[in-house]
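Coordinate inspection notes
These are the residues of each chain, in order.
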Amino acid sequence: MTQTIKKVTNYLSTLVVILALILVILLVAPRVVGMHVFTVLSGSMEPTYHVGSLIYVKTVDPFQLEEGDVITFMLDEDTVATHRIVGIVPDEEDDSVIRFRTKGDANDSEDGSLVHYKNVVGSPIFTIPKLGFFADYIQHPPGMYIAISAAAIVLLLLFLPDLLLADDSEKKEKKPKKGKHAVEAENDTQ
């Protein structure tokens, strides 16, 4: 019975660890190589980027961008947007400054303000649909608490079978074994 429990918990814990590693690879590894990861929160870029998708953004040289390219940029300190460039506007006073006129693919009109080249984060490389919902959920309470609890359960699943089997083996060791003389004494009394 305990062997079956150990096998089941080993399979479950292995599966959970593999899923956790995949999530780490998808959410953390890109940041190590210099990419930014964002969740699409609005439908302004449908059908190119669906709501809830996770987009991976690579840093680009703003002066290499052209009309038709998609960029991710800072609207303000807390807000990031991803829209398509519909025009490049050079600064009238300073030739080294450019601004971008942008528009969401699903929007009827262009964005109300121009994007300064220093606000460009980068250009999206690829996307994973629906994973953004999960990534966003585990970064804020109560999802963060659930993720921490799940990690604790995984640790329990990893170590609990060994603890249970250790208790069973200790009980077996404490039982006195019948030696040759004890068996002979039992046979003599019968």
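Figured I'd write up the structure that's included with this text. Values in this document were obtained by computation on a predicted structure and should not be read as measured data.

Scanning the entire structure with this criterion turns up three salt bridges. A salt bridge links Asp-91 to Arg-99; its shortest N-O distance comes to 3.2 Å. For Glu-110, the salt bridge is made with Arg-101, and the minimal N-O distance between the two is 3.3 Å. What makes Glu-110 partly exposed here is its relative accessible area of 42%. Looking at Arg-101, the relative accessible area reads 32%, which means it is partly exposed.

Attention now goes to the side chain of His-83. With respect to the secondary-structure elements, His-83 resides in strand S4 (residues 80–90). For His-83, a relative accessible area of 9% gives the class buried. A polar contact of 2.7 Å, which involves the side chain of His-83, links it to the side chain of Asp-111. Discounting residues that sit within four places of it in the chain, His-83 has contacts with Ser-44, Met-45, Asp-69, Val-70, Ile-71, Phe-73, Thr-102, Lys-103, Gly-104, Asn-107 and Asp-111.

Formed by Leu-65, Ile-71, Phe-73, Ala-81, Ile-85, Val-97, Ile-98, Phe-100, Val-115, Tyr-117 and Val-120, the largest nonpolar core amounts to eleven residues. Sorting the residues of this core by element identifies strand S3 (70–74), S4 and strand S5 (98–103) as the ones contributing at least two each.

With that settled, consider the sheet that holds S3. Strands sit in the order S1-S2-S7-S3-S4-S5-S6 across an open sheet of seven strands; the sheet is antiparallel. The sheet is open, and its two edges are formed by strand S1 (36–39) and strand S6 (115–116), each paired on a single side.

Taken together, the side chains of Glu-92, Glu-93, Asp-94 and Asp-95 define an acidic patch exposed on the protein surface. Given a relative accessible area of 80%, Glu-92 falls into the exposed group.

Cis geometry is found at the peptide bond from Glu-46 to Pro-47, where omega equals -5 degrees. Position of Pro-47 among the secondary structure elements: in the loop between S1 and strand S2 (54–58). Non-glycine residue Lys-130 carries a positive phi angle of around 70 degrees. The exposed category is assigned to Lys-130, whose relative accessible area is 60%.

The next thing to look at is the packing of aromatic side chains. Here the structure, examined in full by the defined rule, presents two aromatic pairs. Their ring planes at 20 degrees and their centres at 4.4 Å tell us that Tyr-56 and Phe-126 sit as a pair that is stacked. Here the residue Tyr-56 occupies a position in strand S2, and Phe-126 occupies one in strand S7 (residues 120–128), the gap between them amounting to 70 residues. The exposure class of Phe-126 is partly exposed, given its relative accessible area of 37%. Aromatic side chains Phe-63 and Tyr-117 sit 5.0 Å apart centroid to centroid with 50 degrees between the ring planes, which places their arrangement in the tilted category. With Phe-63 in the loop between S2 and S3 and Tyr-117 in the loop between S6 and S7, the pair connects residues that are 54 residues apart, well separated along the chain. According to the relative accessible area criterion, Phe-63 is partly exposed, its value standing at 42%. Looking at Tyr-117, the relative accessible area reads 17%, which means it is buried.

Taken together, the buried positions of helix H3 (residues 131–138) are occupied by Leu-131, Gly-132 and Ala-135. Buried residues of H3, viewed axially, fall in a sector of 95 degrees; they line one side.

Reading the values: the criteria
- Residue positions are counted from 1 within each chain, in the order its sequence is given.
- Restriction of local features to residues with pLDDT of at least 70 applies here, the model being predicted, together with a cutoff of 80 or more for giving and counting side-chain atom pairs; totals for whole chains, interfaces and linings are based on all residues.
- Values reported for side chains reflect all heavy atoms of the structure, with hydrogen atoms and water molecules removed beforehand.
- Take a side-chain nitrogen of Lys or Arg and a carboxyl oxygen of Asp or Glu: if they are within 4 Å of each other, that pair is a salt bridge.
- Partly exposed residues are those whose accessible area sits between 20% and 50% of the maximum for their type, while under 20% is buried and over 50% is exposed, using a 1.4 Å probe and protein chains only.
- Numbered from the N terminus, helices here are DSSP runs of H or I no shorter than four residues, and strands are runs of E no shorter than two.
- Contacts described as polar in this section are N or O atom pairs within 3.5 Å, which, within protein, must combine one atom able to donate a hydrogen with one able to accept it, while residues neighboring in sequence count only if both atoms come from side chains.
- The contact definition used throughout considers only heavy atoms, calling two residues in contact when any of these lie within 4.5 Å.
- Nonpolar cores are built from buried Ala, Val, Leu, Ile, Met, Phe, Trp, Tyr and Cys residues. Side-chain atoms within 4.5 Å join them into one set.
- Paired strands are those between which DSSP finds at least two bridges.
- The patch calculation keeps residues exceeding 30% relative accessible area without a salt bridge and links them within 9 Å when they carry like charges or within 5 Å when they are nonpolar (Val, Leu, Ile, Met, Phe, Trp, Tyr).
- Only the protein chains shown count as cover for residues, and the accessible areas themselves come from Shrake-Rupley with a 1.4 Å probe.
- This count recognises Lys and Arg as positive and Asp and Glu as negative, with His and chain-terminal groups excluded.
- A charged residue contributes its charge at one atom only: NZ of Lys, CZ of Arg, CG of Asp or CD of Glu.
- Side-chain rings of Phe, Tyr and Trp (the six-membered ring for Trp) are treated as a pair once their centres are within 6.5 Å; stacked means planes under 30 degrees apart, edge-to-face means over 60, and tilted covers the remaining angles.
- Arc, as used here, means the arc of the directions from the helix axis to the C-beta atoms.

Note that all results are geometric; they support no functional claim without further evidence.
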